[in-house]
Amino acid sequence: MFTEIAQITDATSGFNNDTVQVSLRKRWDGDFNLYRLEPYDAGRGYVSYTSNAPRVFADRVLTRLFKAKALIRIPPETLTEAQRKEASMVERFLYGVYKLNDERLAAMLLPSLQAQMAWYLSLRGMVALRVFITKTEDGETDPQIRVLDPYHLAYQEGDKGLLWAAYTRRASKEQVKEEYGSVVAQDEVTVIDYWDTKNNGVIIEGRWAKPLEPHGLDYCPIVISRVGAMPPTYHDVYRYTGKHLGESIYASTRGLFPILNKTMSDLLTVVRRGVKVPLGIWSSDGQATLDEDIWQVDKAALIPLRSDIKIAPIMEPSMPRDASALVNMVLGDIQRGNYAYLTYGQVETRLSGYAINQLRESEEAVTAYAIRSMEITDEMSCRMLLDQFRRGDGFKPVEVRGRTSTNRPFGYPEKIKIRTTDIKPGWHPEVRIELSLPEDEPQRFIMANQARQGERPLLSDRTIREKMLLVDDPDLEEQLIDLEFGKNIPLVKLQRMFDAYMVEGRPDLAEYVMNEIQRLILDLKGRLASAQTQQPMMPRMERGMMPEETMSQGIPARQPGVPAWASPPEELGATPGGARGAILRTEEEV
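Residues numbered from 1 in each chain as written. Predicted model: local features only at pLDDT ≥ 70, side-chain atom pairs only at ≥ 80, totals over all residues. Heavy atoms only, no water.

Engineer: Would you mind showing me how to read the overall build of the protein chain here?
Structural biologist: Scanning the protein chain from terminus to terminus reveals 15 helices and 16 strands. Residue burial in the protein chain is summarised as follows: out of 590 residues, 33% are buried. Sequence separation of 24 or more characterises 61% of the internal contacts of the protein chain that already satisfy a separation of 6 or more. Surface exposure of the protein chain reaches about 37300 Å², of which carbon and sulfur atoms provide 53%. (Helix = DSSP H or I, 4+ residues; strand = E, 2+ residues; numbered from the N terminus. Buried < 20%, exposed > 50% of the residue type's maximum accessible area, 1.4 Å probe, protein only. Contact = heavy atoms within 4.5 Å. Areas by Shrake-Rupley, 256 points an atom, 1.4 Å probe, with all protein chains shown as cover.)

Structure (structure tokens):
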């Protein structure tokens, strides 16, 4: 796109000076002041009050987004067995790369990727990522996912993604020397990291610190996502609608907090004046004064005064009659735009299932757009990681560990190695962010129990566990249930007891248990042998025959409801039980 330093700096400057960007940065500054609880100034002589509501609300939203579970899945329903194995390898690669990236961020004293994305989506209303797989100095594969602050990012949009992007940041001279090998005189310098669809370069103080060179891709590896459903619009009367794209969590309340702070400051000032009321002194010559502060508690209660001096409050401090109604109105609007007070734990009575569902919907309304933006950003990042790793030139295998979407660990104790040949083209993983929201759990279990009752249940056990009880891995849960059921078998209990005694170093007690195990086994074998000898043999002609077939051969059919073993064998045309083994003489011998 650009090849000269002047072209890049001019394009960056033009983007930053655009009216829309100026308005956005002004909005971001105001929202950050709310987040950091910038002290409200009521003016000289007045007591100032700063509400903590903006920070508490933001921390609540960030906690929800940070604790949300990111599930990276490839739908297995239409895959063959071989494809499922490949899909499992793809999922492990992505989960492992995300874990490696978080470990790198922690070493850089930065929050995790999900935490940073949550902060920018909440406070900026948009997030930007740089997704690029490179090599370290020793040749190891180094997948990187870095969060970029939209405040300092200039870019140009295109039909198939960004045409170019330039990220401006400040770096110390030690960082510049370590990252790029450049020596600068200033303690801190400006660094511009430039990317387009073909090249990448780094500019420091008007010079190339990293020359412009191809990065090996056919796209710009910068991902940007905005919060909200508003698309870009244009109006003749109101042109600059772009500043409303990607709103923060303060969109509906940022104008209410100054009113609350001003009203509460006035109330606090009146209360303060009620403690120390302004006094008037009346005297014949008008020259009388008080040399001491009579409001201090350690002062004497007796003050000598002349007979012509009078001291009295000038006015009684009081708030306007409508002040309380104003505060309640503002707090109500803030609550409707933020979380309900119940979300913060202000619950006086037990909530019904309906109330919990309403509370859940109100929380989802606050975070739904941020969650969707996070899902879109993660999906685009995953596709870039797979594409870059698959077609990377000479990438060494990546050693990863972590947990899959079903919460199964992999890569423990030793990391697993994933090679570029293990990733086939065409995979498009889906990402779902699951929030931990208030739920009526007892009601869920009651409904799950009702769904599996009767001879023909409404739902299968797997569907109940997955959809209603929200079990991560229904198949694994069924295996665990079978294992627990097997533990109740007497022989299994004795075997576990034997193993425990052997581990504890008590072979004498283990021998007693083994004797009991052998006794139970012999007893079980004896009962099985007895049952086999007592069970009558089935007639051969009955096997595979229906009652109608036996009647067609002159053999009487069994009565309905009577089992085969209950009928006398001679009734079915077989040899009577008492005649088995007897030697029958012929007519000549008789």
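Engineer: Would you mind showing me how to read the sheet that holds strand S4 (residues 153-158) here?
Structural biologist: Through backbone hydrogen bonds, the strands of a sheet pair up, either in parallel or in antiparallel fashion. The sheet built from five strands is open, its strands ordered S4-S5-S6-S7-S8 with antiparallel pairing. Each of the sheet's edge strands pairs with one partner strand only, and the pair in question is S4 and strand S8 (207-214). On average, adjacent strands in this sheet sit at an angle of 10 degrees to one another, irrespective of strand direction. The sheet contact formed by S4 and strand S5 (residues 161-172) spans six bridges and is antiparallel. In the sheet register, Leu153 faces S5, and the bridge partner there is Tyr167. (Pairing = 2+ DSSP bridges. Axes fitted to C-alpha atoms, helices over the stretch in contact; angles between N-to-C directions.)

Engineer: Would you explain the environment of Gly43 in this entry?
Structural biologist: If you trace the backbone, Gly43 turns up in the loop between helix H2 (19-35) and helix H3 (53-67). Here the alpha-carbon distance between Gly43 and Ser265, two residues 222 residues apart in the chain, equals 9.9 Å.

Engineer: How should I be thinking about the pattern of salt bridges in this particular structure?
Structural biologist: Summed over the entire model, instances satisfying the criterion amount to 25 salt bridges. Between Glu140 and Lys396 there is a salt bridge whose closest N-O contact spans 3.6 Å. Here Glu140 is found in the loop between strand S2 (126-135) and strand S3 (141-148), whereas its partner Lys396 is found in the loop between helix H9 (353-390) and strand S12 (398-400), with 256 residues between them in sequence. Classification of Lys396 by relative accessible area gives partly exposed; the value is 36%. The partner of Asp461 in a salt bridge is Arg452, and the shortest N-O contact between them spans 3.0 Å. Using a relative accessible area of 43% as the deciding quantity, one classes Arg452 as partly exposed. (Salt bridge = Lys/Arg side-chain N within 4 Å of Asp/Glu carboxyl O.)

Engineer: I'm lost on helix H5 (residues 113-123) in this one. Help?
Structural biologist: For H5, the tally of buried residues reaches 11 of 11 residues, placing the bulk of the element in the interior. Along H5, the residues that are buried comprise Leu113, Gln114, Ala115, Gln116, Met117, Ala118, Trp119, Tyr120, Leu121, Ser122 and Leu123. A positive phi of about 85 degrees marks Gly125, the residue just after H5.

Engineer: Just checking my understanding: could you explain the sheet that holds S3 for this structure?
Structural biologist: Spatial ordering of the open sheet is given by S3-S2-S9, a layout of three strands whose pairing is antiparallel. The open sheet is flanked by S3 and strand S9 (222-226), the only strands paired with a single partner. Within the sheet, the average angular offset between the axes of one strand and its neighbour, ignoring direction, is 15 degrees. Pairing of S2 with S3 involves eight bridges; the strand directions are antiparallel. Paired with Phe132 across the strands is Gln144, a residue of S3.

Engineer: Would you mind showing me how to read the nonpolar core here?
Structural biologist: Buried together is how nonpolar side chains tend to be arranged in soluble globular proteins. Ranked by size, the top nonpolar core spans 90 residues in total, and within it Phe93, Leu94, Leu113, Leu129, Tyr250, Leu385 and Phe389 carry the most contacts. Core analysis: the second largest hydrophobic core is formed by eight residues, Ala171, Val189, Val191 and Val202 among them. (Core = buried A, V, L, I, M, F, W, Y, C linked by side-chain atoms within 4.5 Å.)

Engineer: Hey, could you run me through the packing of aromatic side chains in this one?
Structural biologist: One pair of aromatic rings is described through two measures. These are the centre distance and the angle between the planes. Taken as a whole and assessed by the stated rule, the structure comprises 13 aromatic pairs. Every member of this aromatic cluster is reached through a ring pair, and the members are Phe32, Tyr35, Trp119 and Tyr120. The ring of Tyr35 carries Arg55 above its face, with NZ or CZ at 4.1 Å from the centroid. (Phe/Tyr/Trp six-rings, centres within 6.5 Å; stacked < 30°, edge-to-face > 60°. Lys NZ or Arg CZ within 6 Å of the ring centre and 35° of its normal.)

Engineer: Sorry if this is basic, but what is going on with helix H4 (residues 81-107) here?
Structural biologist: Since the α-helix advances by 3.6 residues per turn, residues separated by three or four positions end up pointing in the same direction. In this model H4 runs 39 Å from its N-terminal to its C-terminal C-alpha over 27 residues, within 8% of the 39 Å that 1.5 Å per residue would give. Burial in H4 covers these residues: Ala87, Val90, Glu91, Phe93, Leu94, Tyr95, Gly96, Val97, Tyr98, Asn101 and Leu105. Downstream of H4 by a residue or two, Leu109 has a phi angle that is positive, lying close to 60 degrees. (Expected span 1.5 Å × (residues − 1).)

Engineer: Just checking my understanding: could you explain unusual backbone geometry for this structure?
Structural biologist: Look at the link from Tyr412 to Pro413: it is a cis peptide, with omega at 0 degrees. Position of Pro413 among the secondary structure elements: in the loop between strand S14 (409-410) and strand S15 (416-418). Unusually for a residue other than glycine, Leu37 sits at a positive phi of about 55 degrees. As for its position among the elements, Leu37 is in the loop between H2 and H3. One non-glycine residue, Glu205, lies in the positive phi region at around 50 degrees. Within the fold, Glu205 resides in the loop between strand S7 (199-204) and S8.

Engineer: Please explain the confidence of the model for the protein chain as it appears in this structure.
Structural biologist: In this model, the protein chain carries an average pLDDT of 83, and 83% of its residues clear a pLDDT of 70 or more. Below a pLDDT of 50 lies the segment residues 541-567, which in the model reaches 28 contacts outside its immediate sequence neighbourhood of four places, other chains included. Across residues 569-575 the pLDDT falls below 50, and counting only partners more than four positions away or on other chains, this stretch makes 19 contacts in the model. (pLDDT = per-residue confidence, 0-100.)

Engineer: Just checking my understanding: could you explain the side chain of Thr367 for this structure?
Structural biologist: Mapped onto the secondary structure, Thr367 falls in helix H9. By relative accessible area, Thr367 is classed as buried at 2%. Not counting the four nearest positions on each side in its chain, Thr367 is found in contact with Val61, Leu65, Tyr339 and Leu435.

Engineer: Help me out: how do you make sense of the side chain of Ser225 in this one?
Structural biologist: Inspection of the secondary structure puts Ser225 in strand S9. Judged by relative accessible area, Ser225 falls into the buried class, the value being 7%. Residues within four places of Ser225 in sequence aside, it is in contact with Leu121, Met126, Val127, Ser373 and Thr377.

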